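As a plain string of letters, each chain reads:
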Amino acid sequence: MRLLSEGDPIQRRLFQSALELLAERGYRGATTREIARRAGVSEVTLFRRFGSKKRLVQEALLAFTPEAFLAALPREDDPLEAGLSRLFRAYQGLLEAHRALFPKLLAELLRHPELLPKGPPQGMALALKAILGFFQAQQEEGLLRRDEPPEELALAFIGPLFARFLLGEVFGVRLPVEEAAYIRGYLEGRHDPSGRRGS
């Protein structure tokens, strides 16, 4: 897991430790003592900087960014199917890289909604901007239907992948998906290969 490079090394280590322990032990089990120990600082330092475990977790969530995911996202000028392929692989890689964190994190946020930060995590906001830019560019080229907002187009592509991932984690099974077939299914009824801008 990589975090945004903003902030000093102590802050980054505390963020890293907080998220790792949240995934391993849940919010209650991730004690400030253990977070500080894993970060290589004193518990006093943790409290001096953040005041509480709740605030530390909120700020760690805000700062979270999967740098490899951001680097792998499609660009606005990518061809449609090549860009969808990049998005598919980037998203699958994100889920695989954070397999331990995401299901636990979702469960803990449902149990402790007070942990939700105000606003989206910085890295996720950057990812969303890039993804929406890609879908908007495809609409402007007339390659995707324009009667669906780009947010809906993105959700329709990513949502089933995330649902498949969560179901697999809950039931302890792998639910494989074939990339080319997935992209073909997604484009069914959405793609105009002639690129007519009025679509």
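Bear in mind that the values here come from a model prediction, so they are computed numbers and not experimental data. (Residues numbered from 1 in each chain as written. Predicted model: local features only at pLDDT ≥ 70, side-chain atom pairs only at ≥ 80, totals over all residues. Heavy atoms only, no water.)

So, on to the overall build of the chain. Looking only at helices and strands, the chain features 10 helices and 0 strands. Mapped from its N terminus to its C terminus, the chain presents α and β elements in the order α-α-α-α-α-α-α-α-α-α. Across its three principal axes, the chain shows a C-alpha extent of roughly 65 × 35 × 25 Å. The contacts in the chain between residues at least 6 apart in sequence include a share of 69% that link residues at least 24 apart. (Helix = DSSP H or I, 4+ residues; strand = E, 2+ residues; numbered from the N terminus. Contact = heavy atoms within 4.5 Å.)

Where helix H6 (residues 80–97) meets helix H9 (residues 150–171), the closest approach of the two axes is 11 Å, and the angle between their N-to-C directions is 30°. With respect to H9, the axis of H6 lies roughly parallel. In the packing of H6 onto H9, the handedness of the crossing is right-handed. Taken together, the residues of H9 that come into contact with H6 (itself represented by Leu-84, Leu-87, Phe-88, Tyr-91, Gln-92 and Leu-95) are Phe-157, Ile-158, Leu-161, Phe-162 and Phe-165. Taken together, the residues of the contact of H6 with H9 sort by class into 10 nonpolar, 1 polar and no charged. (Axes fitted to C-alpha atoms, helices over the stretch in contact; angles between N-to-C directions. Parallel < 35°, antiparallel > 145°, perpendicular 65-115°, else oblique. Left-handed = near helix turned anticlockwise from the far one by under 90°. Nonpolar A, V, L, I, M, F, W, Y, C, P; charged D, E, K, R; others polar.)

Another aspect to go through is the pattern of salt bridges. Scanning the model with the defined rule gives 16 salt bridges in all. Arg-25 is the partner of Glu-34 in a salt bridge, and the nearest nitrogen-oxygen pair spans 4.0 Å. According to the relative accessible area criterion, Glu-34 is buried, its value standing at 14%. Arg-99 serves as the salt-bridge partner of Glu-169, at 2.0 Å between the closest nitrogen and oxygen. Placement of the pair is Glu-169 in helix H9 and Arg-99 in the loop between H6 and helix H7 (101–111), with a sequence separation of 70 residues. One salt-bridge network, held together by shared partners, links Arg-75, Asp-77, Asp-78 and Arg-86. (Salt bridge = Lys/Arg side-chain N within 4 Å of Asp/Glu carboxyl O. Buried < 20%, exposed > 50% of the residue type's maximum accessible area, 1.4 Å probe, protein only.)

Quick look at the packing of H9 against helix H10 (residues 179–187) now. Look at H9 against H10: their axes get within 11 Å of each other, and the N-to-C directions meet at 145°. H9 and H10 meet at a crossing whose hand is right-handed. Here Leu-153, Ala-156, Phe-157, Pro-160 and Leu-161 of H9 come into contact with H10, specifically with Tyr-182, Ile-183 and Tyr-186.

This part covers the packing of aromatic side chains. Applying the stated criterion across every chain yields a total of 9 aromatic pairs. On the basis of an interplanar angle of 70° and a centroid distance of 5.3 Å, the ring pair of Phe-134 and Phe-135 is categorised as edge-to-face. For the residue pair Phe-134 and Phe-135, the accessibility class agrees, reading buried in each case. For the pair Phe-162 and Phe-165, a centre-to-centre distance of 6.0 Å together with 25° between the ring planes defines the contact as stacked. Separated by 3 residues within a single helix, Phe-162 and Phe-165 lie in helix H9, roughly one turn from each other. (Phe/Tyr/Trp six-rings, centres within 6.5 Å; stacked < 30°, edge-to-face > 60°.)

Let's shift gears to H10. Every buried residue of H10 is listed here: Glu-179, Tyr-182, Ile-183, Tyr-186 and Leu-187. All buried residues of H10 lie within an arc of 130° about the axis, which places them on one face of the element. On its buried face, H10 is in contact with H6, helix H8 (122–140) and H9. By the N-cap criterion, in which a side-chain oxygen at the helix start approaches the backbone nitrogen of a residue two or three places on, H10 is capped by Glu-178, the distance to Ala-180 being 3.3 Å. Two residues or fewer after H10 comes Gly-189, characterised by a positive phi angle close to 80°. (Arc of directions from axis to C-beta. Polar contact = N/O pair within 3.5 Å; in protein donor to acceptor, adjacent residues only side chain to side chain.)

With 53 residues, the main nonpolar core has Leu-84, Phe-135 and Phe-157 as its most contacted residues. Once you skip the residues sitting within four places of it in the chain, Phe-135 turns out to touch Leu-84, Leu-87, Leu-144, Pro-150, Leu-153, Ala-154, Phe-157 and Tyr-186. (Core = buried A, V, L, I, M, F, W, Y, C linked by side-chain atoms within 4.5 Å.)

Below, the discussion takes up the environment of Leu-166. Tracing the sequence through the fold places Leu-166 in helix H9. Judged by relative accessible area, Leu-166 falls into the partly exposed class, the value being 25%. Along the backbone, Leu-166 and Arg-184 are 18 residues apart, and their C-alpha atoms lie at a distance of 23 Å. Dropping the residues within four chain positions of it, Leu-166 is found in contact with Pro-103 and Leu-106.

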